[in-house]
Structures are given as structure tokens and as C-alpha cells.
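Chain residues, written in single-letter form:
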Amino acid sequence: MYHYSLKPVPVGVGAGSDVRTAGFPSPKSKRGYRPEQPAIPSWKGVHLRIGELHRQGGLVVSFELFPPKTPDQTAKLFEEGIPGLLELSPAFLTCTYGAGGSTKDQTLEIVTRIRREFEVEAVSHLTCVGASREEIGQFLAQARSGGISNIVALRGDPPRGDETFKPHPDGFKYAHELVSFIKQTGDFDVAVAGYPEGHPECPDRHLDWQRLAAKVAAGADLVITQLFYNLADYFEFEDYLRGRLKVSVPIVAGILPILSKQQIERFCGLCGAQIPPDVQAKLDQYADDPASCRAYGIELATRMCEKLIARGVSGLHFYTLNRTASTAAVMKNLGLVK
Ligand SMILES: Cc1cc2nc3c(=O)[nH]c(=O)nc-3n(C[C@H](O)[C@H](O)[C@H](O)COP(=O)(O)OP(=O)(O)OC[C@H]3O[C@@H](n4cnc5c(N)ncnc54)[C@H](O)[C@@H]3O)c2cc1C
């Protein structure tokens, strides 16, 4: 998920200070569950490895940001948005990498600044779009010297106007090549993208999941999924990866609490995710009532997360859209913050 970077949204406000520490011990948590001890030690000053973190067995909650478009929005993100999100004690934050490498420097600046100013683990996304091996190598070296130890490795989408993905002549065609390169080049933990409904370019979801298994075979330490609203798709995806393909790395569910009908229809159109009929009916019902639509988005995300947690999901990765309120409300409903 990254398409929200096409349209900046205002930064949200903090969620209150009465929160738990990072790391959520029981993957079987139920609503209202209040664990006493964090399973994962504080990240302050420590280089966390995201693969290792997820392998420890607790429920790991992480948040995704995107690079704002203007200096004012960036200032607001650092003054209000990130502090508000950190009150929810995520294990780490990630920052997306814009289409065509358009936010390359900004992505790196944001993640290194987050580490420096907030001492929280910050993970950079990186795509193959328009970049040679040498340029990707330079990015990784810069990331390393900025204290970044974890990368979300992606092929990326074709730049706007191009119908198909065209690799750089000296670059990579598929994400599994990028994963191998990162693993050979530097000392990073690597997450890759997984698609519970199959990637939209791939005619067969099982084939796409086999290709995901190839990314894991290339060295990926964990999988983070695209947004989805049909839990049956997610469970089939997980069962197939675990049972048929013997993928054993942690699988983290990507969660986007719906904010508005227009926005979610646009995102799902761009990333190929389906909106189930019952969800579409609610979106239609609340088409002119943004507050009720947001409340529905929180309730839907809460119900999905409860079922995922009950199944023992490794982690929840919230697509925050640089906002705090909906993510905070879902975490509160789940008993992950007070
Ligand atoms: C968690 C997450 C974070 C994201 N962050 C960003 C971001 O920061 N910036 C951004 O631009 N985009 C981001 N995206 C979107 C992603 O870049 C797109 O979905 C892109 O179209 C595919 O990237 P991928 O890494 O999954 O590609 P790949 O795994 O390479 O797959 C792309 C397509 O190629 C096919 N394929 C793979 N291997 C082979 C093979 N050997 N032979 C033939 N076909 C093959 C796959 O089935 C699939 O259809 C993110 C997506 C997710 C889920």
C-alpha cells in the first residue's frame, strides 16, 4: 500500500498519553486484554531487526507513513503526527518510497530523522523503479550510515503514464532480485509485499503466492500484506503459504481503517483489492456522512483485527495515512492501548 502518497492528507493529532509499552505479548489477545509485561524490550537506542522482532512470538504492531509533499506538512508530521503515533507504542514505523523513486531522498531523510529524533526503529521502503544496481547500492549505503537496519523491498508500480513495469537496463525486474541484492550487499532485515487476493498483474493468485515464496527463498525475513477487507482471502493466503509452500517467516496483516467511501474506492481501484458487498453497502449508506463512515471504518478494522489476533497473526501493520485517530481507536478497541 502506498498509493495514498498521491494525495496528501493532513496530519492527525495524538491519542492521549495513557498507553502501553512496545511489544504486545499474546498473539491470542482478545478485546480488553491488558498484558502486564511487554514481550519485546524497549527500542530506545537499540537497532531492532524486524524479522527477529516478529519471530519472538508476541503481537508486533507497526505503522506506515508516507513522505509529505511540502515542508510545512513535514514539519507538522514531526511536531504532531509522529509524536501522536508514538504514544501508541508501535514497535517500528515505516516510510514509503514514492513512485518512480520520486521521494527517494525524502524517504531516507524521514527515516533517519525519526531514528535520530525519536529513537524509534524506522524502516525504509525501497523500490526497483528507475534505479540501477549502483544507485540502489548507494541508497543502501546511505541508509546504513543513517542507522537504518531494515528495508521493505518492492518492485514498485510503473510510473504514471506507463502501462507496464519497465526495469532499468542495469536494475531489477522483480522484487525477489532486489531482496537477493540487499541481502548480499548489506546487513539488513527485509520485508516484502504479499497479496491476499493475488497481485493485480498476475492472472492466478496461487502463482502470485508462489512468487511471494520465491521472495522469501531469496532471503526476505517477513511478509507484509496489501490492504484487504475479505478475511477469507487472507486466511486462504496464509494457509496456502504455510501449508502448500512451507513459508515459515512471519506474515503481517496490512490494515487500513476506512476513512471515506471516495478514498477507499480509489485506493482499492489502484491496488486491485476488492470491496466485499456488505462493506460496499455501508460505504454507500455513509457516502454523505464522513463521521459515520470513519466510525464504521474503525469498527470494521477492529473486527478484522480481533479475528486475525485470534488466529495468531504475527503482526498488524497499520496504513496510518499520517493520521492518528482511527489507528488509535482501533488499538483502543483491541485493548492494546487504554
Ligand atoms: C506492504 C506494501 C508496501 C508497499 N510500499 C510501496 C512503496 O513504498 N512504494 C511503491 O512504489 N510501492 C509500494 N507498494 C506497492 C508495490 O510496489 C506494488 O504492488 C507493485 O506493483 C509490486 O511490487 P512487489 O514488490 O510486490 O513486486 P513483485 O513481487 O516483483 O511482483 C510484481 C509482479 O510480478 C510477478 N512476478 C514476480 N516474480 C515473477 C517472475 N519470476 N516471473 C514472472 N512474474 C513474476 C508477480 O506475480 C506480480 O504480479 C507496497 C505494497 C505493499 C503490499
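As the structure is a prediction and not an experimental result, all values here were calculated from the model.

Scoring rules and cut-offs
Residues numbered from 1 in each chain as written. Predicted model: local features only at pLDDT ≥ 70, side-chain atom pairs only at ≥ 80, totals over all residues. Near = placed C-beta within 6 Å. Helix = DSSP H or I, 4+ residues; strand = E, 2+ residues; numbered from the N terminus. Nonpolar A, V, L, I, M, F, W, Y, C, P; charged D, E, K, R; others polar. Pairing = 2+ DSSP bridges. Axes fitted to C-alpha atoms, helices over the stretch in contact; angles between N-to-C directions. Core = buried A, V, L, I, M, F, W, Y, C linked by C-beta atoms within 7 Å. Buried ≥ 20, exposed ≤ 12 C-beta atoms within 10 Å, placed from the backbone.

Trainee: Please set out the site of the ligand residue by residue, giving values where relevant.
Mentor: Among the 25 residues in the neighbourhood of the ligand, the closest are listed as T96, H125, R155, A175 and A193. The set of elements that each furnish at least two residues to the shell around the ligand consists of β3 (121–127), β4 (150–154), α5 (175–185) and α6 (205–217). It is α6 that provides the largest number of residues to the shell around the ligand, a total of three residues. When its residues are assigned to classes, the shell around the ligand shows 11 nonpolar, eight polar and six charged.

Trainee: Outline the sheet that holds β4, supporting the account with residue identities and numerical values.
Mentor: Spatially, the eight strands close up into a barrel ordered β1-β2-β3-β4-β5-β6-β7-β8, and their pairing is parallel. The sheet shows a mean angle of 30° between the axes of neighbouring strands, direction not considered. With four bridges connecting them, strand β5 (residues 189–194) and strand β6 (residues 222–225) associate as parallel partners. What sits directly across from A193, in β6, is I224.

Trainee: Give me the lowdown on the nonpolar core, citing residues and values where you can.
Mentor: Considering soluble globular proteins, one finds that nonpolar side chains tend to be buried as a cluster. Residues A153, A220 and V223 are the most contacted members of the largest nonpolar core, which totals 98 residues. Per-element tally for this core: the top contributor is helix α10 (residues 290–310), with seven residues.

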